[in-house]
Every structure is written in structure tokens, then in C-alpha cells.
Amino acid sequence: MIPELEYAVYVWSSYGIFAVVVAWQILQPVLYRRRLMAELREEQALQSGEYDDPNP
Amino acid sequence: MSLRALPALLLRDLRLAVRHGGESLMPLFFLFAVLILVPLGVGPGPNLLATIAPGMIWVAALLASLLALENLFRPDFEDGTLEQWWLGHLPVTGLVMTRLLSHWLITGLPVILFAPLAAQMLYLPDQALGVLMLSLLIGTPILSLIGGLAAALTLGTNRGSVLLSILVFPLVVPVLIFATGAVAAAADGFSPRAHLGLLAALLVLALTLVPLAVTAALRLNIE
Amino acid sequence: MIWKTIKVGFHRLGSAPSFYRFSTVVSPWLWAGFALCSVIGVYYALYVVPPDYQQSDSFRILYVHVPSAWQAMAGYVVMSILAAIALIWRIRLTEIMAMMCAPIGAAFTAICLATGSIWGRPMWGTWWEWDARLTSMLVLLFIYLGIMGLYAAFDDKRKGARVACILVLVGLVNIPIIHFSVEWWTTLHQGKTIRIFGESSMHYSMMPPLIWMTIGVKLMFGAALLDRARNELLTQDRRKGWVRKILSNKGD
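Since the structure is predicted, the reported quantities are computational estimates derived from the model, not experimental observations. Note that residues are indexed from 1 along each chain, following the sequence as it is written. For naming, the first written chain is A and the first written ligand is 1, with later ones following in the order written. Under the rules for a predicted model, residues below a pLDDT of 70 receive no local features and side-chain atom pairs below 80 are neither given nor counted, while totals for whole chains, interfaces and linings still include all residues. For side-chain calculations, the full set of non-hydrogen atoms in the structure is used, while hydrogens and water are omitted.

Asks: What's the story with the overall build of chain C in this structure? I'm lost.
Replies: Helix and strand counts for chain C stand at 8 helices and 0 strands. Counting only C-alpha atoms, chain C reaches 60 × 40 × 40 Å along its principal axes. Per-residue accessibility, obtained with a 1.4 Å probe over protein chains only, is compared with the maximum for each type, and a residue is labelled buried under 20%, exposed over 50%, and partly exposed between these values. Expressed as a percentage of the 252 residues in chain C, the buried residues total 53%. Considering only intrachain contacts with a sequence separation of at least 6, the fraction spanning at least 24 residues in chain C is 79%. On chain C, roughly 11800 Å² of surface is accessible, and the fraction owed to carbon and sulfur atoms is 68%. Side-chain charges of chain C comprise 24 positive and 13 negative groups, with the mean position of each set lying 12 Å from the other. We count a stretch as a helix when DSSP gives it H or I for four or more residues in a row; a strand needs E for two or more, and each element gets its number in order from the N terminus. Residues count as neighbours in contact if any of their non-hydrogen atoms are within 4.5 Å of one another. Every accessible area reported is derived by Shrake-Rupley at a probe size of 1.4 Å, with residue values counting cover from the shown protein chains alone. We treat Lys and Arg as the positive residues and Asp and Glu as the negative residues; His and chain ends play no part in the count. Charged groups are reduced to one reference atom each: NZ for lysine, CZ for arginine, CG for aspartic acid, CD for glutamic acid.

Asks: Would you take a moment to explain the overall build of chain B for this structure?
Replies: When helices and strands are counted, chain B shows 10 helices and 0 strands. Along chain B, helices and strands appear, N-terminal first, in the series α-α-α-α-α-α-α-α-α-α. Taken over C-alpha atoms, the radius of gyration is set against a globule rule of 2.2 Å times the number of residues to the power 0.38. Radius of gyration (C-alpha) of chain B: 18 Å, near the 17 Å computed for a compact globule of 223 residues. Each principal axis of the C-alpha distribution contributes one length, and for chain B these read about 55 × 35 × 30 Å. Counting the 223 residues in chain B, one finds 52% classified as buried. Restricting the contact set of chain B to residue pairs at least 6 apart, pairs at least 24 apart contribute 79%. For chain B, the computed accessible surface area is about 10000 Å², with 70% contributed by carbon and sulfur atoms. Computed over 9 positive and 10 negative side-chain charges, the separation of the two mean positions in chain B equals 7 Å.

Asks: Help me understand the interface of chain A and chain C, please; the structure alone is not making it clear to me.
Replies: How big an interface is tends to be stated in terms of accessible area lost as the parts join. Each partner contributes residues to the interface: chain A has 31 residues there, and chain C has 44 residues. At the boundary of chain A with chain C, total buried surface from both sides reaches about 3400 Å², with 66% on carbon and sulfur atoms. We define buried area as the total accessible area lost by two parts upon association, computed with a 1.4 Å probe and summed across both. Considering only the surface of chain A that becomes buried against chain C, Tyr15, Phe18 and Gln25 of chain A emerge as the three largest contributors, covering 21% of it. Salt bridges are defined by distance alone: a side-chain nitrogen of Lys or Arg within 4 Å of a carboxyl oxygen of Asp or Glu. Where chain A touches chain C, the interface holds 3 salt bridges. Notably, a salt bridge pairs Arg238 of chain C with Glu39 of chain A, separated by 2.6 Å at the nearest N-O pair. Throughout this description, a polar contact denotes any pair of N or O atoms lying within 3.5 Å of each other; where both atoms belong to protein, one of them has to be capable of donating a hydrogen while the other can accept it, and for residues adjacent in sequence the pair is counted only when both atoms sit in side chains. Where chain A meets chain C, there are 8 residue pairs in polar contact (both at pLDDT 80 or more).

Asks: What am I meant to see in the confidence of the model for chain C here?
Replies: Low-pLDDT stretches of the model should not have their predicted coordinates read in fine detail. The pLDDT averaged across chain C works out to 85; a share of 91% of its residues lies at or above 70. A low-confidence stretch, residues 191-200 of chain C (pLDDT under 50), is modelled with 11 contacts involving residues beyond four sequence positions or located in other chains. The quantity called pLDDT is the predictor's confidence in a given residue, expressed from 0 to 100.

Asks: When you look at the interface of chain B and chain C in this model, what are you seeing that I'm missing?
Replies: Taken together, the 29 residues of chain B in the interface contact 28 residues of chain C. Both sides together, the interface formed by chain B and chain C hides about 2400 Å², and carbon and sulfur atoms give 80% of it. Area buried by chain B at its contact with chain C is led by Leu153, Ile177 and Leu220 of chain B, which between them contribute 23% of it. Taken together, the links from chain B to chain C amount to 0 salt bridges. In this structure, the connection of chain B to chain C is made through 1 residue pair in polar contact (both at pLDDT 80 or more). Where the side of chain B that touches chain C is concerned, the elements lending two or more residues are α7 (129-153), α8 (160-171), α9 (173-187) and α10 (193-222) of chain B.

Asks: Whenever I open this one, the environment of Thr135 of chain C confuses me. Can you help?
Replies: All names here are of chain C. Following the sequence through the fold, Thr135 ends up in helix α5 (residues 132-153). Look at Thr135 and you get buried, because its relative accessible area is 8%. Distance from Thr135 to Tyr43, taken between C-alpha atoms, is 31 Å for residues 92 residues apart in sequence. In contact with Thr135, other than residues within four places in its own chain, are Trp128, Trp130, Val182 and Trp185.

Asks: Looking at this structure, how should I read the confidence of the model for chain B?
Replies: Here chain B averages 87 in pLDDT, and 98% of its residues register 70 or above. Taken element by element, chain B is modelled with least confidence in helix α2 (residues 21-42) of chain B, mean pLDDT 82, and with most confidence in α7 of chain B, mean pLDDT 93.

Asks: I would appreciate a short explanation of the nonpolar core in the present structure.
Replies: Side chains that are nonpolar tend, in soluble globular proteins, to be buried together. Nine residue types can take part in a nonpolar core, namely buried Ala, Val, Leu, Ile, Met, Phe, Trp, Tyr and Cys, and a core is a set of them joined through side-chain atoms within 4.5 Å. With 164 residues, the main nonpolar core has Phe73 of chain B together with Tyr63, Met99 and Ile147 of chain C as its most contacted residues. When residues of this core are assigned to their parent elements, the largest contribution, 17 residues, is made by helix α4 (residues 92-124) of chain C. With residues up to four places along the chain from it excluded, the contact list for Phe73 of chain B reads Leu82, Trp85, Arg99, Gly148, Ala151, Ala152, Leu155, Val214 and Leu218 of chain B.

Asks: Whenever I open this one, the pattern of salt bridges confuses me. Can you help?
Replies: Charged atoms that come close allow side chains of opposite charge to pair. Counting across every chain of the model gives 12 salt bridges over all chains. In this structure, Arg74 of chain B engages Glu70 of chain B in a salt bridge whose closest nitrogen and oxygen atoms are separated by 4.0 Å. For Arg74 of chain B, a relative accessible area of 14% translates into the label buried. Note that Lys240 of chain C and Asp237 of chain C form a salt bridge whose closest N and O atoms lie 3.4 Å from each other. You can call Asp237 of chain C buried: its relative accessible area is 2%. Within the structure, one salt-bridge network assembled from shared partners comprises Glu39 and Glu43 of chain A together with Arg238 and Arg239 of chain C.

Asks: How should I be thinking about the environment of Met213 of chain C in this particular structure?
Replies: Mapped onto the secondary structure, Met213 of chain C falls in helix α7 (residues 207-236). Expressed as a C-alpha distance, the spacing of Met213 of chain C and Val39 of chain C, which sit 174 residues apart in the sequence, is 8.7 Å.

Asks: How should the packing of aromatic side chains be read in this particular structure?
Replies: Each aromatic ring pair is specified by the distance between its two centres and by the angle formed by the two planes. Pairs were defined over the aromatic rings of Phe, Tyr and Trp, the Trp ring being its six-membered one, requiring ring centres within 6.5 Å. Orientation was assigned from the angle between planes: stacked under 30 degrees, edge-to-face over 60, tilted for the rest. Tallied over the entire structure, the rule returns 11 aromatic pairs over all chains. Relative to Phe114 of chain B, the ring of Phe32 of chain B lies with its centre 5.9 Å away and its plane at 90°, an arrangement referred to as edge-to-face. Of this pair, Phe32 of chain B sits in helix α2 while Phe114 of chain B sits in helix α6 (residues 92-121); the two residues are 82 residues apart in sequence, bridging distant segments of the chain. The exposure class assigned to Phe32 of chain B is buried, which follows from its relative accessible area of 17%. One aromatic cluster in this structure is built from Tyr43, Tyr44 and Tyr47 of chain C. For a ring to carry a charge above it, either NZ of a lysine or CZ of an arginine must fall within 6 Å of the ring centroid while also lying within 35 degrees of the normal to the ring plane. Across from the ring centre of Tyr151 of chain C, 4.8 Å away, lies the NZ or CZ of Lys157 of chain C, which sits over that ring. Arg230 of chain C extends its terminal NZ or CZ atom over the ring of Tyr20 of chain C, reaching a point 5.9 Å from the ring centre.

Asks: Can you help me understand a nonpolar patch on the surface in this one?
Replies: All names here are of chain B. Here the term patch refers to residues with relative accessible area over 30% and no salt bridge, with like charges joined within 9 Å and nonpolar side chains (Val, Leu, Ile, Met, Phe, Trp, Tyr) within 5 Å. A contiguous nonpolar surface patch, about 700 Å² in accessible area, is contributed by Ile36, Leu37, Leu40, Leu113, Phe114, Leu117 and Met121. At 4 residues, α6 tops the list of elements feeding residues into the nonpolar patch. Here Leu113 shows up in helix α6.

What follows is the structure, given as C-alpha cells:
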């Protein structure tokens, strides 16, 4: 299934680096957006008085 | 449109530099600190020192020109003088050029004047000395121009100094390559003309484009 | 008539809420396109293409290395065009998009350097070679980092974006000069390094994965750019009405 390559370590680590960086390009915006949305929702709740304080 | 105010600005900048004696001698101190530390670090062998001499002198000159950049436009920016540049009748690009000229006179010229001494300390072959001086004469104005651009770009930020060196470093790569290449070629007995010609071309390009970019960057920063 | 529709559509796209909607719809498709292209590309690259007669299997690194290198440079061109538009017409959206090109371009430059270094180890016998391409890529990485650093250093993001756009254009003039000078420098300081592939030495059977990966990487650049620009827009407009509206719609 997995091809038997010469210099396998080098080839796989190159593709691995590519995969990791691509994954980071996908994840970073998603994580950032999630955090930002939570922050904005909290801000909005604070303003409209619906904020429900987790530690009163 | 009278340009008589430009020499006045130049004189004022130079007078300020002279009166702040210690501060304006910093680039020179820095140059010699590097030149003394390098032989201590790599050993006093004349052959090794002679090979790395062009590079060392040039890197020292480059780092020396970075020192004074932080305060190139900042005091004027903070006390509002910079805004007056746009309100007055003088062309701003001219004022920018004058300021960069004074920066070169304060940081570049002393390095050129003391280059023969530095060359002797690092055993640079005699036939390369003239080319070293010439390369510094053509190259250090480019350093001032690029440094001025970086200073203008980082003007609106609080942590300018680290950023300054990151911005300057990639842009001066060609200058360093052609200048040290010229000196190394001369030291090996080859003609340095191709390198010096390219260096001069860089100077012309920088002289025409950089002042415009500096003016635009300053304008955006005072908005 | 058609021209007018395009023009109006373009102007609409320039407004924050429509760009937000546009990017929300388009970006998943671009990601899907990237996934498809890269799966085909990687399959061809690792299974179908025969090993090189000189480099054996190590040349398969080419299929991630070269598309990344191309995209690192193409990304800079895209960023410069956006920066020029931003400075001339002062369109806020292009400012944001130009700034968001930098981290993605830097990521591709980093992939290119890392895979190049890994490739160099078995082929040249060293992790780092002061080769013209490697050196100018390293300088390109620092230019990208400088642009990101400059933008991040400003509190006023619009001002920061415009100032950094000037740096982008300065870099555009400089990159060819840097590349040329570094090439000149390496030819003087060392013999010509091993040419990995000359003009004609690339057999046509090696081409398909390269094409697939290149297309995939371009789609990915677009997708990541839209995602990041959308986030940046939300951050900058957090106090504005249209963001509130989006929030309350989502809440339901």
C-alpha cells in the first residue's frame, strides 16, 4: 500500500511539512474565527444585559 | 519657490549632531568596536583577516548606519515639525533628501574617512584600499536612503528599532554583495569595474525612487 | 451592459458585508478544489511517476517544493497588485487582502526552504547550500516577515496596512535586484551548483503531478486568503452594524 521509496525519510518528511503547513493554513482562520465570534457574542451580551456571569 | 531653507535645515541638523557630540560619534565607536572584536574572535592571522576584511568593514558600516536611524524623523514627528513640512512652501521631497544627506554626513562620511585605518588594522592589501573607499563612497548613501525609508515606515509604531533592522536587512543585500565583491576583486588583482558600475546603478535607482517612497510613508504616518 | 454589471458587481464586492457573504460561499469550494487536486497530485507523485534515473525517488520532493516556490513568488505578485490598488484607489478591502497575502506567502516560502533543504541533504550532501535560489528565497522570507511585522506594529490597522503596502511595492522593485545580485554572487564565489533539472531534462511523464499540485496550491492560496481576509474584516468592523446582524442571525 505505502510505496517503497528510496530516500523515504526525506520524501515523507517533505510531504509531512507540506501537510502540516497546509493544515495550519486551514486551522488558523477557523480557530481565530471561533475565538473572535465568542468574544463578540460576549460583548453583545454584556451590552444588552443578557450576560450570564459564570462566577457571580 | 525658493530652496534657500534647505541648506539651513542641513546646517541645523549638523549643528545638533555636533552639539550632541557623544551620540554622533557612536557609529564610529561602533565601527572600531567591531574591528577590534573580530581579530580577537577569529585570531590575528593576517591571511584570514585580509580575506574577511572587505566584508567586516562593510558589515560594520552597515550596522553603524542603523544606529542613528531611530531618531531620524522621530523627534520632528513627535513635536509636530513634520506636519509643518507639508504646510510650508518647500517641496517635501527636498526636505527629505536634505535630512537623508545630513544622516549620511553624520554616519557615512566618518566611516569613509576612517576606512584606511580600518583597512590597515585588518591587513587589507594596499591595491584594494582605493576601491574600498570608492565602494564606501557609492554605497553608504544607499544605506542612508534605505535606512531612511525604514525609519519613515516604522515612524507610527512604538517598537521601531527591532522592526527597523528586519526591514533594512533584505533591502541592503545587493549593496553588500556588489560592494564587497568590488573590494574582493581588487584585492585579488581583478578589475572591480563591473561591481562598482552595478553599485552606482543601485545608487541612481535608490536616489530616484527612495525619496518618493519616504515622502509617501511620512505622509501616511502623520495623517 | 455586461461591462456595467461587472463593474457594479465589483463595487458591491468591495463592501464589507457582501465580501463577507461572498467569501463564506466561495472559500469552501476552493478548499474542496485544493483537496481534489492535491489528492490526485500526490497519488501521481508517489505511485504513478517512475523514479528518476539519477535521483531515484528523492526527486518526488519536487512536487511539493516547486509548486510552493512558484506560489511564494506568485503570492508576492498578487500582494503587490492588491497593494498598488489599495494605495491608488484606497479601497479598504484590497488593503486587508494585500496584508493577508503576507502570512500565506511566508508559509509557502518556508515550505520551499524546508523541503529544499531536505532535498539538498541526500543530493548535495548538505542541509544548506549558499545557492542563489535558496539564498534569495531566504531573503524573500525576511521581506514577508518584515511586511507582517510592520502591519502588526500599528495600532491603527488602516494606517498600518497602507504603510506596509508601500513596503510591498518597494520589495517588488527590490526582489529582482536581490535575485540577480545573489546569482551573480554565487557564480563568483563557487562553481555552478548542481542543476537539479535543466530545461529539457524533465520528462513529460513527470509533468501531470506537477500541474495538479500547482493548481491545487493556487486554489489553496485563494481559499486561505479569503478566510483570513474575512476574519480580519470581522475584527476591524467588530463594532459595526453588519457584524451585529451576522451575530444575531447566527445566534438563532
